[in-house]
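# Notes for the structure review
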Amino acid sequence: MSFDSISSKKFNLEKATNFMRQFRDPDSRELKKLSANQFMEIWSHYDKDGNGYIEGTELDGFLREFVSSANFTDISPDAVSDSMLVELKACFMEAYDDNQDGKIDIRELAQLLPMEENFLLLFRFDNPLESSVEFMKIWREYDTDGSGYIEADELKNFLRDLLKEAKKINDVSEDKLIEYTDTMLQVFDSNKDGRLQLSEMAKLLPVKENFLCRQVFKGATKLTKDDIERVFSLYDRDNNGSIENEELKGFLKDLLELVKKDYDAQDLLEFEETILQGLEYSSEGKISRKQLTMILLALAKHNQEEEPATP
């Protein structure tokens, strides 16, 4: 076998393995508008270990194929040199790595790839919720059977209402709605049990900021009366002078997120019991300013003790 035929075979193999090429227009080399299923194909292909991120060698492979697939001539992803890759990655991460964690999550990838308008809408990039209080209100509204999970039919109802709110419902057939629901489950159902638990739904419906993650609660600075008042007003949404119902659940959800990445409604309930027992809590279902102050001071103290001593 000649060198040319070996090269040709190798070249064709490389050409076939550039996964991104099929999603580009053969004439313009522009990326085509992706359906929900196509987007998931791309995500699953590059998130090879299924950990919810494209990172390390996965990210290198994606960037090489993404760039080389735009070429009018079929070139191998290896045509992107290591030095080009370093520069490319720096630019790419600056543009798309919103939380600057050095890896790409599914939301960040969705900002890069053109998708059907309705599907992109469901990711709510530009409209994060103001607080976890809003999140818990939405959770209670759609967990209609009170199971502590958002099952497929409940998720479909949520997506239908979301599209209706955006006045796109007439454009979406029932089949398309089912496709969106299935895709959302694929994207956000991390433990693959066919439903969304609290922490999974929280990724689909992000909150603008968990205020409790701020530096002031890490013990680095002194917690002031103004800080406590700011937190209290953040959760006391109806301004009635106490944190209760979804306000209390929202506060506890933010608190729980500081210690546990994956959590469900049962975890939240047990956490609530633990926290409130420590406050000599009454059965009124409310937290006062004084009780909130005790929790926040304990949080700041705990974080300060956990911080490694500086040499």
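Quick summary incoming for the structure in this document. What you see is a predicted model; the values in this text were computed from it and never measured.

## Overview of the overall build of the chain
Helix and strand counts for the chain come out as 14 helices and four strands. For the chain, the residues scored as buried account for 42% of the 311 residues in total. For the chain, long-range pairs separated by at least 24 residues make up 61% of all intrachain contacts whose partners lie at least 6 apart in sequence. Looking at the chain as shown, the accessible area adds up to about 17100 Å², and 50% of this sits on carbon and sulfur atoms.

## Section: the pattern of salt bridges
Per the stated rule, a full pass over the model turns up 14 salt bridges. A salt bridge links Asp82 to Arg64; the shortest N-O distance between them is 2.8 Å. Here Asp82 is found in helix α4 (residues 82-96), whereas its partner Arg64 is found in helix α3 (residues 57-68), with 18 residues between them in sequence. For Glu257, the salt bridge identified is with Lys253, shortest N-O distance 3.2 Å. Linking Glu257 with Lys253, this pair stays in helix α12 (residues 246-257), spanning four residues, or about one helical turn. Given a relative accessible area of 31%, Glu257 falls into the partly exposed group. Members of the salt-bridge network, linked through shared partners, are Glu116, Lys176 and Glu179.

## Thoughts on the packing of aromatic side chains
Applying the stated rule across the entire model yields 11 aromatic pairs. The interplanar angle of 20° and the centroid separation of 5.8 Å between the aromatic rings of Phe119 and Tyr180 together place this pair among those described as stacked. Pair noted here: Phe119 is in helix α6 (residues 117-122) and Tyr180 is in helix α9 (residues 174-188), with a separation of 61 residues, a long-range link. Here the two residues Phe119 and Tyr180 agree in accessibility, since each one is buried. The aromatic ring of Phe66 is capped on one face by Arg24, whose charged end is 5.0 Å from the ring centroid.

## With respect to the side chain of Glu244
Its location among the elements puts Glu244 in strand β3 (residues 243-244). Filtering out sequence-adjacent residues up to four positions away, Glu244 remains in contact with Asp238, Gly285 and Lys286.

## Some thoughts on unusual backbone geometry
Positive phi outside glycine occurs at Asn239, with the angle close to 55°. You can see Asn239 is positioned in the loop between α11 (225-235) and β3. In this structure Asn239 comes out as exposed when scored by relative accessible area, which is 63%. Although it is not a glycine, Asn245 adopts a positive phi angle of roughly 50°. One can find Asn245 in the loop between β3 and α12.

## Focus on the environment of Asp262
Structurally, Asp262 can be placed in the loop between α12 and α13 (265-277). Residue classification places Asp262 among the partly exposed residues on the basis of a relative accessible area of 42%. The residues touching Asp262, leaving out its near neighbours within four places in the chain, are Gln197, Ser199 and Asp267.

## Let's talk about the nonpolar core
Phe39, Phe62, Leu109, Phe158 and Phe251 are the most contacted members of the largest nonpolar core, which totals 81 residues. Contact partners of Phe251, with chain neighbours within four places excluded, come to Leu212, Tyr235, Ile287, Leu292, Ile295 and Leu296.

## Topic: the packing of helix α8 (residues 152-165) against α9
Close contact between α8 and α9 brings their axes to 9 Å; oriented N to C, the two are set at 115°. As for how α8 packs across α9, the hand of that crossing is right-handed. The segment α8 lies against α9, with Ala152, Leu155, Lys156, Leu159, Arg160 and Leu163 engaging Glu174, Leu177, Ile178, Tyr180, Thr181, Met184 and Leu185. Among the residues forming the contact of α8 with α9, the class breakdown is nine nonpolar, one polar and three charged.

## Concerning α13
Every α-helix carries 3.6 residues per turn, so stepping three or four residues along brings you back to the same face. Between the first and last C-alpha of α13 there are 18 Å, a value that for 13 residues agrees with the 18 Å anticipated at 1.5 Å per step. For α13, the full list of buried residues reads Leu268, Phe271, Glu272 and Leu276. Summarising the axial view, the buried residues of α13 lie within an arc of 120°, below the 170-degree limit, and thus occupy one face. Pointing more than 90 degrees away from the buried face of α13 are the exposed residues Thr274 and Gln277. Structurally, α13 contributes buried residues whose contacts are with α7 (132-142), α10 (198-204), α12 and β4 (286-287). Of the residues that open α13, the one with a side-chain oxygen 3.1 Å from the backbone nitrogen of Gln266 is Asp264.

## Observations concerning the environment of Ser69
With respect to the element layout, Ser69 can be found in the loop between α3 and α4. The buried category is assigned to Ser69, whose relative accessible area is 0%. For the pair Ser69 and Asn18, spaced 51 residues apart in sequence, the C-alpha separation works out to 6.8 Å. Beyond its immediate sequence surroundings of up to four residues, Ser69 is in contact with Asn18, Met20, Arg21, Arg24 and Arg29.

The rules behind the values
- Chains are numbered independently. Their residues run from 1 in the order of the written sequence.
- Only residues with pLDDT of at least 70 get local features here, since the model is predicted, and only at 80 or more are side-chain atom pairs given and counted; chain-wide, interface and lining totals rely on the full set of residues.
- Side-chain descriptors were evaluated using all non-hydrogen atoms of the structure, hydrogens and water having been removed beforehand.
- Only DSSP runs of H or I reaching four residues or more are called helices, and only runs of E reaching two or more are called strands; each is numbered from the N terminus.
- Think of it in three bands: with a 1.4 Å probe and only protein chains considered, a residue is buried below 20% of the maximum accessible area for its type, exposed above 50%, and partly exposed in between.
- It only takes one pair of heavy atoms within 4.5 Å for two residues to be counted as in contact.
- Calculation of accessible area relied on Shrake-Rupley with a 1.4 Å probe; when residues are assessed, cover is drawn exclusively from the protein chains displayed.
- Just to be clear on terms, a salt bridge is a Lys or Arg side-chain nitrogen sitting within 4 Å of an Asp or Glu carboxyl oxygen.
- Two aromatic rings, drawn from Phe, Tyr or Trp (for Trp, its six-membered ring), form a pair once their centres lie within 6.5 Å of each other, and the interplanar angle then sorts them: stacked below 30 degrees, edge-to-face above 60, tilted otherwise.
- Two conditions define a charge sitting above a ring: the NZ of Lys or the CZ of Arg must be within 6 Å of the ring centre, and it must be within 35 degrees of the ring normal.
- Nonpolar cores were defined as sets of buried Ala, Val, Leu, Ile, Met, Phe, Trp, Tyr and Cys residues, with membership established by side-chain atoms within 4.5 Å.
- Working convention: axes come from line fits to C-alpha atoms, limited for helices to the stretch in contact. Angles between N-to-C directions cover 0 to 180 degrees.
- Handedness of a crossing follows from how the near helix is turned relative to the far one, being left-handed for an anticlockwise turn of less than a right angle and right-handed for a clockwise one.
- When residues are grouped by polarity, Ala, Val, Leu, Ile, Met, Phe, Trp, Tyr, Cys and Pro land in nonpolar, Asp, Glu, Lys and Arg in charged, and all others, Gly among them, in polar.
- For a helix, the expected span equals 1.5 Å multiplied by the residue count minus one.
- Note: the arc covers the axis-to-C-beta directions of the helix.
- Counted as a polar contact is a pair of N or O atoms within 3.5 Å, where, for protein atoms, one must be capable of donating a hydrogen and the other of accepting one, and residues adjacent in sequence contribute only when both atoms are in side chains.

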